[in-house]
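Listed below are the residues making up each chain.
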Amino acid sequence: MKATGTWISLLDPRGKKEDKPLIHLSKEAKASLEEDKMDEIKTNILEVSSVGERVQDESIRVGSMVIVDPRIPFAVVHDKDENAYLMIQENQVMMVE
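What counts as what
Residues numbered from 1 in each chain as written. Predicted model: local features only at pLDDT ≥ 70, side-chain atom pairs only at ≥ 80, totals over all residues. Heavy atoms only, no water. Helix = DSSP H or I, 4+ residues; strand = E, 2+ residues; numbered from the N terminus. Contact = heavy atoms within 4.5 Å. Areas by Shrake-Rupley, 256 points an atom, 1.4 Å probe, with all protein chains shown as cover. Salt bridge = Lys/Arg side-chain N within 4 Å of Asp/Glu carboxyl O. Buried < 20%, exposed > 50% of the residue type's maximum accessible area, 1.4 Å probe, protein only. Pairing = 2+ DSSP bridges. Axes fitted to C-alpha atoms, helices over the stretch in contact; angles between N-to-C directions.

**Student:** Which residues make up the overall build of the chain, and what values do they have?
**Tutor:** When you go through the chain residue by residue, the secondary structure sums to one helix and six strands. Helices and strands appear in the chain in the N-to-C order β-α-β-β-β-β-β. Counting contacts in the chain only where the partners sit at least 6 residues apart, residues at least 24 apart contribute 72% of the total. Of the roughly 6900 Å² of accessible surface on the chain, 53% is carried by carbon and sulfur atoms.

This is the structure:
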């Protein structure tokens, strides 16, 4: 999965998505569950897996570790192999290690 624009994808430290549920939930219920799971992420130091072509900070690149502003929510996306990625905007990166 490749980030585009000013987006940056980070490896989700929680690992792969759990098995698909037998009950299909509404979009609102899924969003609520995803918000609840956000508390499971215990750190704001994460590895960059992809960088959009419009990200201006050249120090943000694949494999670098970034410190993300913990006050701002981010999106969780899953690829076809059920690997999870956290999507943020460039302005959410506070520091690059």
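**Student:** Explain unusual backbone geometry to me, and be specific about the residues and the numbers.
**Tutor:** What is expected of a backbone is that most residues other than glycine have negative phi and most peptide bonds are trans. Phi is positive for Glu82, which is not a glycine, with a value near 70 degrees. Along the chain, Glu82 falls in the loop between β4 (75-78) and β5 (84-89).

**Student:** With reference to specific residues and values, describe the pattern of salt bridges.
**Tutor:** Going through the model one piece at a time under the given rule, you end up with one salt bridge. Arg71 serves as the salt-bridge partner of Asp69, at 2.8 Å between the closest nitrogen and oxygen. According to the relative accessible area criterion, Asp69 is buried, its value standing at 9%.

**Student:** Break down the sheet that holds β5 for me, citing the residues and quoting the values.
**Tutor:** Read from one edge to the other, the open sheet built from six strands follows the order β4-β5-β1-β2-β3-β6, with strand pairing classed as antiparallel. A single partner strand is all that each edge strand has here, and the edge strands are β4 and β6 (93-96). Looking at each pair of strands side by side, their axes are set apart by 45 degrees on average, direction ignored. Note that strand β3 (residues 65-68) and β6 share three bridges and pair antiparallel. Paired with Ile67 across the two strands is Met95, which belongs to β6.

**Student:** Just give me the short version of the environment of Arg54, but keep the residues and values in it.
**Tutor:** Relative to the assigned elements, Arg54 resides in the loop between β2 (45-51) and β3. Taking the relative accessible area as the measure of exposure, Arg54 reaches 57% and is therefore exposed. Along the backbone, Arg54 and Thr6 are 48 residues apart, and their C-alpha atoms lie at a distance of 5.0 Å. Those residues in contact with Arg54 that sit more than four places away from it in its chain are Gly5, Thr6 and Glu90.

The analysis is restricted to geometry; functional conclusions fall outside its scope.
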